[in-house]
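What follows is the residue order along each chain.
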Amino acid sequence: TFLCCVFPDPLLAAREMLRILKPGGEIRTLDYAWPRTFRRKLAMALWIPYTRFFFASSFKRDAPGFFRAAGADSVWECFRVSDILRELRVKPGPL
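Criteria and thresholds
Residues numbered from 1 in each chain as written. Predicted model: local features only at pLDDT ≥ 70, side-chain atom pairs only at ≥ 80, totals over all residues. Heavy atoms only, no water. Core = buried A, V, L, I, M, F, W, Y, C linked by side-chain atoms within 4.5 Å. Buried < 20%, exposed > 50% of the residue type's maximum accessible area, 1.4 Å probe, protein only. Helix = DSSP H or I, 4+ residues; strand = E, 2+ residues; numbered from the N terminus. Contact = heavy atoms within 4.5 Å. Arc of directions from axis to C-beta. Pairing = 2+ DSSP bridges. Phe/Tyr/Trp six-rings, centres within 6.5 Å; stacked < 30°, edge-to-face > 60°. Salt bridge = Lys/Arg side-chain N within 4 Å of Asp/Glu carboxyl O.

### What about the nonpolar core?
Here's step 1: Among the nonpolar cores identified, the biggest contains 13 residues, and L18, I27, F67, A72, V75, L88 and V90 are the most heavily contacted of them.
Here's step 2: Elements that contribute at least two residues to this core include exactly α1 (10-20), α3 (63-69), β2 (72-81) and β3 (85-92).
Here's step 3: Ranked by residue count, the leading element in this core is α1, at four residues.
Here's step 4: When neighbours within four sequence positions are excluded, A72 is seen to be in contact with L18, F67, V90, K91, P92 and G93.

### Considering α1
Here's step 1: Restricting attention to buried positions, one finds in α1 the residues P10, A13, A14, M17 and L18. All buried residues of α1 fall inside an arc of 130 degrees around its axis, so they share one side. With respect to the buried face of α1, the exposed residues turned more than 90 degrees away are L12, R19 and I20.
Here's step 2: Those residues of α1 that are buried are in contact with β1 (27-32), α3, β2 and β3.

### Considerations on unusual backbone geometry
Here's step 1: In this structure, A56 is a non-glycine residue whose phi angle is positive, near 55 degrees.
Here's step 2: Among the secondary structure elements, A56 is positioned in the loop between α2 (38-55) and α3.
Here's step 3: One non-glycine residue with positive phi stands out, namely S82, at about 40 degrees.

### A few points about the pairing of β2
Here's step 1: Sheet topology note: the β2/β3 ladder contains eight bridges and is antiparallel. Paired with S74 across the bridge in β3 is K91.

### Thoughts on the packing of aromatic side chains
Here's step 1: Tallied over the entire structure, the rule returns five aromatic pairs.
Here's step 2: Taking the centre distance of 4.9 Å and the plane angle of 90 degrees together, the rings of F53 and F54 count as edge-to-face.
Here's step 3: Judged by relative accessible area, which is 66%, F53 ranks as exposed.
Here's step 4: Taken together, the aromatic side chains of W47, Y50, F53, F54 and F55 make up a single cluster linked through ring pairs.

### Some thoughts on the pattern of salt bridges
Here's step 1: A complete count under the given rule lists seven salt bridges for this structure.
Here's step 2: For E26, the salt bridge goes to R28, with nearest N and O atoms at 2.7 Å.
Here's step 3: A relative accessible area of 30% means that E26 is categorised as partly exposed.
Here's step 4: Of the charged contacts, one joins R86 and D31 as a salt bridge, the two residues approaching to 3.6 Å between their closest N and O atoms. Of the two residues, R86 is situated in strand β3 and D31 in strand β1; the sequence distance between them amounts to 55 residues.
Here's step 5: Relative accessible area serves as the criterion here: at 7%, R86 is assigned to the buried category.
Here's step 6: It is possible to trace a salt-bridge network through shared partners that takes in D31, E77 and R86.

Here's what the structure looks like:
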């Protein structure tokens, strides 16, 4: 889904997703993470101008942090492709 890397205001988007979530529901999304290794950082850095121009996206956003700041009770993350692609599962906090 890669939502957090393309929203102009990811914190606002996270708040809205948590607001409209069905009681007992869970948000599941895929998102990019800035890698730790030099080779992967270099590869992603080369893609930044392309993705910014065509998709207005950013690889350097802290998606788990946005959901926590928006009031999520728990944010589970698991990397699916080395340290670049992660799955997030978010549960809302108490109302």
